[in-house]
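One letter stands for each residue in the lines below.
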Amino acid sequence: MRVLAAFARHGVEYVLVGSMAMAAQGLVRATRDMDVFVSPDEGNIERLKAALREVFHDPAIDEITSADLAGDYPALQYVPPQHDYWIDILARLGEAFRYSDLESEVVEVDGVPVRVATPRMLYLMKKDTVRPQDRLDAETLRQRFALEEEK
Amino acid sequence: MPVRKFRSVEAMPPPPPRAPLDPQNLKIACDLSALAVGLRPRRFPPGLHRYRTVEEASRRRERWEALGE
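Values in this document were obtained by computation on a predicted structure and should not be read as measured data.

Visitor: For the overall build of chain B, give the residues involved together with the corresponding values.
Guide: A count of helical and extended segments in chain B gives 2 helices and 1 strand. Ordering the α and β elements of chain B from the N terminus gives α-β-α. A compact globule built from 69 residues should have a C-alpha radius of gyration of about 11 Å, whereas chain B, at 17 Å, is more than 25% larger. The dimensions of chain B, computed from C-alpha atoms along their principal axes, are 50 × 35 × 25 Å.

The following block contains the structure:
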């Protein structure tokens, strides 16, 4: 929550996806990562880095660049110095999903607005991936939220 | 609540889902995740790792999860 609070303070444009977004939508489980989709524009990435620097004192944060995220490296994993979890920073998912495509909604947690992907968006993002857990999640989302099966 | 018996953990039903967008959901997930980290501490290579695709990132993630490298 410290990271999400820092995102809010710095005005980072992001959408929470993955397991933590599933949790926000009521499907709670333990996870070792937090996945965020971000707008890869330069101003937003500078705000993202400022927010992360507020939480972690780590020079590796300087290596996050808009050029990577908007270019050849749309998926970054940041492991903070304490090593026990990581943050996936995504700018696009294949050719199918970009930040601007994401449907999202806001939940306020202790005064912190948290932007999370909708159940339908999470379903669409997870249903065709190679990871078995993602396909299980997609089916759970489809049943829980009575979503139409999409090809 | 009566005692319910199962032949394996896999046969146990998952906990009931919580209301979507309940502000407590994320806090519970954070607490649960912190507990999991405490029960089974793992170390991952610190720093920034770049991937050309999410699939590439997932493969690395699976290696981390399997080996705790």
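Visitor: Account for helix 5 (residues 119-126) of chain A, with residues named and values stated.
Guide: Residues and elements named next belong to chain A. Burial of helix 5 is extensive: 7 of the 8 residues sit out of reach of the surface. Looking at helix 5, one finds that the buried residues are Pro119, Met121, Leu122, Tyr123, Leu124, Met125 and Lys126. Where the residues of helix 5 are buried, they touch strand 1 (14-17), helix 2 (18-24), strand 5 (92-93), strand 6 (97-98), strand 8 (112-117) and helix 6 (132-144).

Visitor: Summarise the packing of helix 1 (residues 2-10) of chain A against helix 3 (residues 42-55) of chain A; cite the residues concerned and give the values.
Guide: The axes of two packed helices give the description: the angle between them and the distance between them. Residues and elements named next belong to chain A. For the pair helix 1 and helix 3, interaxial distance at closest approach is 8 Å and the crossing angle is 135°. Between helix 1 and helix 3, the angle is such that the two are oblique. Crossing hand, helix 1 versus helix 3: right-handed. Listed contacts from helix 3 to Arg2, Val3, Ala6, Phe7, Arg9 and His10 of helix 1 are Arg47, Ala50, Ala51, Glu54 and Val55. Of the residues that constitute the contact of helix 1 with helix 3, the class distribution is 6 nonpolar, 1 polar and 4 charged.

Visitor: Talk me through the pairing of strand 8 of chain A; I want residue IDs and the actual numbers.
Guide: Residues and elements named next belong to chain A. Relative to strand 8, strand 7 (residues 104-109) runs antiparallel, the two sharing 6 bridges. Looking across to strand 8, one finds that Val106 is bridged to Arg115. Remark: 2 residues form the turn of the hairpin made by strand 7 and strand 8, two consecutive strands paired antiparallel; Asp110 in that turn has positive phi of roughly 50°.

Visitor: So, helix 1 (residues 23-39) of chain B: which residues are in play, and what are the values?
Guide: For helix 1 of chain B, which comprises 17 residues, the first-to-last C-alpha distance of 25 Å matches the rise-based estimate of 24 Å (1.5 Å per residue) to within 8%. Of the surrounding secondary structure, the elements contacted by the buried residues of helix 1 of chain B are helix 2, strand 7 and strand 8 of chain A.

Visitor: Mind laying out the environment of Arg50 of chain B, listing which residues take part and the relevant values?
Guide: Among the structural elements, Arg50 of chain B can be located in strand 1 (residues 47-51). The spatial distance from the C-alpha of Arg50 of chain B to the C-alpha of Gln24 of chain B is 33 Å, given a sequence separation of 26 residues. The residues contacting Arg50 of chain B, other than those within four sequence positions of it, are Asp68, Tyr73 and Leu76 of chain A.

Visitor: Quick rundown of the environment of Tyr85 of chain A? Include the residues and the values.
Guide: Relative to the helices and strands, Tyr85 of chain A resides in the loop between strand 3 (75-79) and strand 4 (86-90). For Tyr85 of chain A, a count of 17 C-beta atoms within 10 Å puts it in the partly exposed group. It is 24 Å that separates the C-alpha atoms of Tyr85 of chain A and Asp72 of chain A, two residues lying 13 residues apart in sequence. Contacts of Tyr85 of chain A, omitting those with residues within four sequence positions, involve Arg32 and Asp33 of chain A together with Val37 of chain B.

Calculation criteria
- Residues numbered from 1 in each chain as written.
- Chains lettered and ligands numbered in written order.
- Predicted model: local features only at pLDDT ≥ 70, side-chain atom pairs only at ≥ 80, totals over all residues.
- Helix = DSSP H or I, 4+ residues; strand = E, 2+ residues; numbered from the N terminus.
- Rg over C-alpha atoms; globule rule 2.2 N^0.38 Å.
- Buried ≥ 20, exposed ≤ 12 C-beta atoms within 10 Å, placed from the backbone.
- Contact = placed C-beta atoms within 7 Å.
- Axes fitted to C-alpha atoms, helices over the stretch in contact; angles between N-to-C directions.
- Parallel < 35°, antiparallel > 145°, perpendicular 65-115°, else oblique.
- Left-handed = near helix turned anticlockwise from the far one by under 90°.
- Nonpolar A, V, L, I, M, F, W, Y, C, P; charged D, E, K, R; others polar.
- Pairing = 2+ DSSP bridges.
- Expected span 1.5 Å × (residues − 1).

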